[in-house]
Amino acid sequence: MNFNSIAQETTSEIVGSVNENQSPVAGATITALHIPTGTKYATTSRKDGRFNLPNLKVGGPYTITVNFIGYKEEKQENVFLLLGQEYKTDFVITQESKTLNEVVVTTTNQNKVFNNSRTGSQEIINRNQIERLPTINRSLQDFTKLTPSANGLSFGGRNSSYNNLTVDGANFNNAFGLSGTLGG
């Protein structure tokens, strides 16, 4: 039995290269903007300066832009794509000097999630949670279930002896084979 399949193509493609003085430019950003819908397609040039923008809407107009830091932006406007077309376009970019403005980052308060005193994940279980959560044997493991990365007293897939577990500031580490937790 012999089966033949026929597929219908519904898109177009833009291919090309980015060069400077006949040398390929790697890492340039190529953007195709479909003007009627505002859809943006983007890619970067490879080591050999070549790029592909597949699966583009048929029609146009498109504006194709090439950007690279330290180089002048190059643009092609009013590009129309035909069904199944591989539109070929090459860009030659030239160096351009620009003065970049300084960036000033300021902060007014310390973020509770992202700060320099945080060295790993943590879960803080407050008094209200302790009083409301059911515990069958008054086990600490009943409360570690609130931490998504916990499995008993093991956190983040590490053996429990590699983690630092504190209760009211007191270390609950290294049970030395006792029944699971200190004071077990």
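Structure: above.
The structure displayed is predicted, hence computed values, not measured ones. (Residues numbered from 1 in each chain as written. Predicted model: local features only at pLDDT ≥ 70, side-chain atom pairs only at ≥ 80, totals over all residues. Heavy atoms only, no water.)

*Asks:* What am I meant to see in the overall build of the protein chain here?
*Replies:* Counting secondary structure elements, the protein chain contains two helices and twelve strands. In the protein chain, the succession of helices and strands from N to C terminus is β-β-β-β-β-β-β-β-α-α-β-β-β-β. Residues classed as buried in the protein chain amount to 24% of the 184 residues present. Within the protein chain, contacts between residues at least 6 apart in sequence are counted, and of these 47% link residues at least 24 apart. (Helix = DSSP H or I, 4+ residues; strand = E, 2+ residues; numbered from the N terminus. Buried < 20%, exposed > 50% of the residue type's maximum accessible area, 1.4 Å probe, protein only. Contact = heavy atoms within 4.5 Å.)

*Asks:* Help me understand the sheet that holds strand β3 (residues 29–34) in this model?
*Replies:* Strands in a sheet are paired, the pairing made by backbone hydrogen bonds, and the direction either parallel or antiparallel. Taken in spatial order, the four strands of this open sheet run β4-β3-β6-β7, and their pairing is antiparallel. Two strands bound the open sheet, and with one partner strand each, they are β4 (39–44) and β7 (74–81). Averaged over all pairs of adjacent strands, the angle between their axes in this sheet comes to 20°, without regard to strand direction. One ladder, built from six bridges, connects β3 with β4; its direction is antiparallel. Note that in β4 the partner of His34 across the bridge is Thr39. (Pairing = 2+ DSSP bridges. Axes fitted to C-alpha atoms, helices over the stretch in contact; angles between N-to-C directions.)

*Asks:* Just to check I follow, could you spell out the packing of aromatic side chains for this structure?
*Replies:* Where two aromatic rings form a pair, the distance of their centres and the angle of their planes describe that pair. Under the defined criterion, the tally for this structure stands at two aromatic pairs. Between Tyr41 and Tyr62, the ring centres sit 6.4 Å apart and the planes meet at 50°, which makes this aromatic pair tilted. Of the two residues, Tyr41 is situated in strand β4 and Tyr62 in strand β6 (residues 59–67); the sequence distance between them amounts to 21 residues. Both residues of the pair, Tyr41 and Tyr62, count as buried. When the centroid spacing of 5.4 Å and the interplanar angle of 40° are considered together, the rings of Phe68 and Tyr71 count as tilted. Since its relative accessible area comes to 16%, Tyr71 is described here as buried. (Phe/Tyr/Trp six-rings, centres within 6.5 Å; stacked < 30°, edge-to-face > 60°.)

*Asks:* For this particular structure, what's the right way to read the nonpolar core?
*Replies:* For soluble globular proteins, the rule of thumb is that nonpolar side chains tend to be buried together. Of all hydrophobic cores here, the largest spans 18 residues; its most connected members are Ile14, Val18, Ile30, Leu53, Leu56, Tyr62 and Val66. Discounting chain neighbours no more than four positions away, the residues touching Leu56 are Thr11, Ser12, Glu13, Ile14, Tyr41, Tyr62 and Leu81. (Core = buried A, V, L, I, M, F, W, Y, C linked by side-chain atoms within 4.5 Å.)

*Asks:* For this particular structure, what's the right way to read the pairing of β6?
*Replies:* Two faces, one strand: in a regular strand the side chains alternate between the faces of the sheet. For β6, the tally of buried residues reaches seven of nine residues, placing the bulk of the element in the interior. As judged from the six bridges shared by β3 and β6, these two strands associate in the antiparallel manner. Of the residues in β6, the one forming a bridge with Ile30 is Val66. Sheet analysis places β6 next to β7, joined by five bridges and oriented antiparallel. Note on β7: the bridge partner recorded for Thr65 is Lys75. A loop of six residues connects β6 with β7, the two strands running antiparallel in sequence, and Gly70 in this loop sits at a positive phi of about 90°.

*Asks:* When you look at the pattern of salt bridges in this model, what are you seeing that I'm missing?
*Replies:* A full pass over the atoms with the stated rule returns three salt bridges. Here Lys88 makes a salt bridge to Asp90, at a shortest N to O gap of 3.6 Å. Overall, Lys88 belongs to the exposed group, its relative accessible area being 51%. Judged by its relative accessible area of 42%, Asp90 falls in the partly exposed class. Between Glu131 and Arg127 there is a salt bridge, with its nearest N and O atoms 3.6 Å apart. With Glu131 and Arg127 both in helix α1 (residues 127–132) and four residues apart, this pair spans about one turn of that helix. What makes Arg127 exposed here is its relative accessible area of 60%. (Salt bridge = Lys/Arg side-chain N within 4 Å of Asp/Glu carboxyl O.)

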